[in-house]
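# Results of the structural survey
Residue strings, one per chain:
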Amino acid sequence: MTPVDVEASDPRLDAFRGIRDRELRGTLGLHAIESERVVRRFLAAALRRRIHPIPPVLEPHALLVTPDSCERLADIIAHFPALAVYRCAGEQALHEVTGYTMHSGAVALGIRHNDGSIGELSACLAHGERPARDVLVALDGITQTDNVGAIFRNAASFGARGAVLSPRASDPFLRKTLRVSMARAVNIPWARARADEWPSCLDRLRREHGYAIIAGEDTPSAVDLASFRPPARSIVVFGAEQDGVSRAVLDMADAVVRIPMSDLAGALADDPPSLNVSIASAVILHHVLA
């Protein structure tokens, strides 16, 4: 790999111009990965996939960097001799090309293939040694990009093995989501269920791999998290901010857990305290994976 020095007007940079997720995916089948740290993790994950393939695939395609970022990323870039690496004059030139300032000196483009399927995720989970605490996270209708990114970051940080997305859940490979997840969405396997698979796919994973289904929701029958003894293998399901975990998932769950909170936190009698779902996921995942 030899970086190519380019001017901001170079036509080879057209895919980087005014980066918008919808245009990238719709016309070019690409996804943007921004900031030096996130780009490094994206490339490192692509290296690991050469030995241990995990779904889905986001293949490195091109890289636009400042000279400083190019130097700091040189060790990981060297593993991708076919990668197109464009080096611009500096951050101002990168701003001019991309149309925004959140890149921190590096933007990568990855070729997006299909979402991981439930079958591919199941096959991936069947390989390798199972950890003492084997946990998946499931996102039931969570559409807010920050929450999806944060849940993936939490899942990776506490050691979850993978993730399952309902059909309506937001795409973990969106530019902002990848940034919020610190590229963790490319580090752990995940699959999106088809409409005719949700939520029965959770039962399939229970049957095939012995996972218990644990819903994080405040219901009258929910168990306080502090007194909950997590099983060795579980799928922990988190729901959207407004709707929570769906009735269909609650009906099939082996347990429902709640995070106890102070009664003093509510401003009104009918205004119970609550946590953002990304914060709740961190609390629950810490408990079940400790």
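It should be noted that the structure appears before, not after, this text.
Residues numbered from 1 in each chain as written. Predicted model: local features only at pLDDT ≥ 70, side-chain atom pairs only at ≥ 80, totals over all residues. Heavy atoms only, no water.

Among all positions in helix 5 (residues 118-126), only Ile118, Leu121, Ser122, Cys124 and Leu125 are buried. Considered in projection along helix 5, the buried side chains sweep an arc of 160 degrees and stay on one side of the axis. Where the residues of helix 5 are buried, they touch strand 6 (134-140), strand 7 (162-165), strand 8 (190-192) and helix 8 (200-209). Just downstream of helix 5, glycine 128 is the residue with a positive phi angle, here 85 degrees. (Buried < 20%, exposed > 50% of the residue type's maximum accessible area, 1.4 Å probe, protein only. Helix = DSSP H or I, 4+ residues; strand = E, 2+ residues; numbered from the N terminus. Arc of directions from axis to C-beta. Contact = heavy atoms within 4.5 Å.)

Under the counting rule described, the total for this entry stands at zero disulfides. Lacking any disulfide linkage, cysteine 88 is separated from the closest cysteine sulfur, that of cysteine 70, by 9.8 Å. In this model cysteine 201 remains outside any disulfide bridge; the closest cysteine sulfur is found in cysteine 124, 16 Å from its own. (Disulfide = S-S within 2.5 Å.)

Spatially, the five strands line up as an open sheet ordered 1-4-3-5-2, and their pairing is mixed. Strands at the two margins of the open sheet, each flanked by one partner only, are strand 1 (4-5) and strand 2 (30-34). Relative to strand 5 (residues 106-112), strand 2 is paired through five bridges, and the arrangement is antiparallel. Its bridge partner being in strand 5, leucine 30 is matched across the sheet by isoleucine 111. Its contacts with the sheet place helix 3 (residues 67-77) against strand 3 (58-65), strand 4 (84-87) and strand 5, and it is angled at close to 150 degrees to strand 3. (Pairing = 2+ DSSP bridges. Axes fitted to C-alpha atoms, helices over the stretch in contact; angles between N-to-C directions.)

Quick look at the packing of aromatic side chains now. What the rule picks out here adds up to two aromatic pairs. On the numbers, 6.4 Å between centres and 80 degrees between planes, the contact of phenylalanine 152 with tryptophan 190 is edge-to-face. A residue pair is termed long-range when its members are at least 10 positions apart, and phenylalanine 152 in helix 6 (residues 145-158) and tryptophan 190 in strand 8 qualify at 38 residues. Given a relative accessible area of 1%, phenylalanine 152 falls into the buried group. With a relative accessible area of 0%, tryptophan 190 lands in the buried category. Residues phenylalanine 173 and tryptophan 190 carry aromatic rings whose centres are separated by 5.3 Å and whose planes lie at 80 degrees to one another, so their mutual orientation is edge-to-face. In this pair, phenylalanine 173 is assigned in the loop between strand 7 and helix 7 (175-180) and tryptophan 190 in strand 8, connecting sequence segments 17 residues apart. (Phe/Tyr/Trp six-rings, centres within 6.5 Å; stacked < 30°, edge-to-face > 60°.)

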